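Per-entry structural report
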Amino acid sequence: MIHPIDHEKLARVRRRMAEHDFSALVVRAPDNILYLTDYWCMKGYDIAIFPREGEATLLVIEPQLQEAQRTAWTNDVRAFRFYHPSDPRPPTMRSLDLAMEVLRERRLTDRVGLELSQNSQICDRMVGEPTVYTQGYFDAFRGVAQQLLDCTGLLADARMVKTPQEIERMRLANELAAIGMEYARQNIRPGMKESEVGAMIEGHIHAVGVGYLGKVEMARAFTLVWSGPGIATFTATSHRPVVPAAPTLVEIWVCADGYWTDLTKNIVPSGKLTPRYNRLLDQLLAILHEASSIARDGAPLGELDRLIRQRIAEAGYPGQPSHPVAHGVGARAHEPPFAHQAAPGTIRKGMVLAIEPGVYWEGGGGLRLEDNYLVTDGASEKLCSYPDDFRF
């Protein structure tokens, strides 16, 4: 999908580069390449060279050249060989060679930023096989740059606040999540395997999402599904059967052209919960509502974590949950900021936060609610239309 150049986003990055006196950023993480060039790579071999002034240079594997030329925000797109008959090295080495050549050619060898502390990277478009960095990759740039600096924090800070274009793309991902959940709600049956529910949601979103409204080129969904006593803090989807009068909890991530959701939605096949579940749902709905109400511009970031855990303790579940309860979403399903009582900083207008209070019962069962909220001038905006109160 071709998107207009997001000048606001690129200018924000360049302002931060000027503050830190970077001459160029060299990025390989697919989410950062997408952020800076709007090219979403098929494999994690590509590199973007983003100068403080002038056009970016995008280095892509040869089979993706035409697609990169069609979608990228730069005209300087160069290909390297995916397979080379006389070079047995992996393609990452050929992209590395070309990157150093470009830095020399463009005289971008003064203060160069690299993702030196990128502890992990989001999957590329093929999803199942993320590539990782090697020490040799980093060391090679030391022979080119006068100073090699870590740009991970700079990009993370820039990415925390979304531009209008990014928000629109995240709305599309949230719309697809709601479509998938509604399809599952209409088709779920007691006794189905949890894995069948997950496959139903993922398949439907992929089928509907590719080409959705003429605005989405690629859409994928990823789920974890647990029903009734199978609900736990974090475990794999199983062959356990769907329980009629208990929640079937769906942790659902939807990626639409590189922008993500991180949601937890629920279905009760019978439409009616047991009294214990009704009470827990009412408690968590109140906590989610209160937490989202304090997600306002200028509020302390750590207050989200403190409030959610305090209210859960007051509901009778001290020490829960064992997982984080609020974080940023964007070109990753989990990205800064991460709300923690010890976290510095404030919530800012334009952030999109996943807020996720949860309670888990000893021996199995429990409930989690999670939605993505856009921080605005006033009250935060819930981005997914599928209801958190799932008692239809």
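Structure report, in brief. (Residues numbered from 1 in each chain as written. Predicted model: local features only at pLDDT ≥ 70, side-chain atom pairs only at ≥ 80, totals over all residues. Heavy atoms only, no water.)

Brief notes about the state of the cysteines
Within this structure, the stated rule accounts for zero disulfides. Here Cys 151 stays free of any disulfide, with the sulfur of Cys 41 as its closest cysteine sulfur at 16 Å. When its relative accessible area of 0% is taken as the criterion, Cys 151 is described as buried. (Disulfide = S-S within 2.5 Å. Buried < 20%, exposed > 50% of the residue type's maximum accessible area, 1.4 Å probe, protein only.)

As for the pairing of strand β13 (residues 352–355)
The side-chain alternation of β13 yields two buried faces, one formed by Val 352 and Ala 354 and the other by Leu 353 and Ile 355. Across three bridges, the pairing between strand β11 (residues 326–328) and β13 is antiparallel. Looking at β13, one finds that Ala 326 is bridged to Ile 355. Here β13 pairs with strand β16 (residues 371–374) via four bridges, running antiparallel. (Helix = DSSP H or I, 4+ residues; strand = E, 2+ residues; numbered from the N terminus. Pairing = 2+ DSSP bridges.)

Concerning the pairing of strand β8 (residues 248–256)
For β8, a buried count of nine out of nine residues is recorded, marking the element as mostly surrounded by other parts of the structure. Neither face of β8 is left uncovered, since the one carrying Thr 248, Val 250, Ile 252, Val 254 and Ala 256 and the one carrying Leu 249, Glu 251, Trp 253 and Cys 255 both have all their residues buried. Judged from the nine bridges that link them, strand β7 (residues 219–227) and β8 form a sheet pairing that is antiparallel. Following the sheet pairing, Ala 221 is matched in β8 by Val 254. In this sheet, strand β10 (residues 263–267) lies alongside β8 in antiparallel orientation, the contact comprising five bridges.

As far as function goes, none of this settles anything; it's purely spatial.
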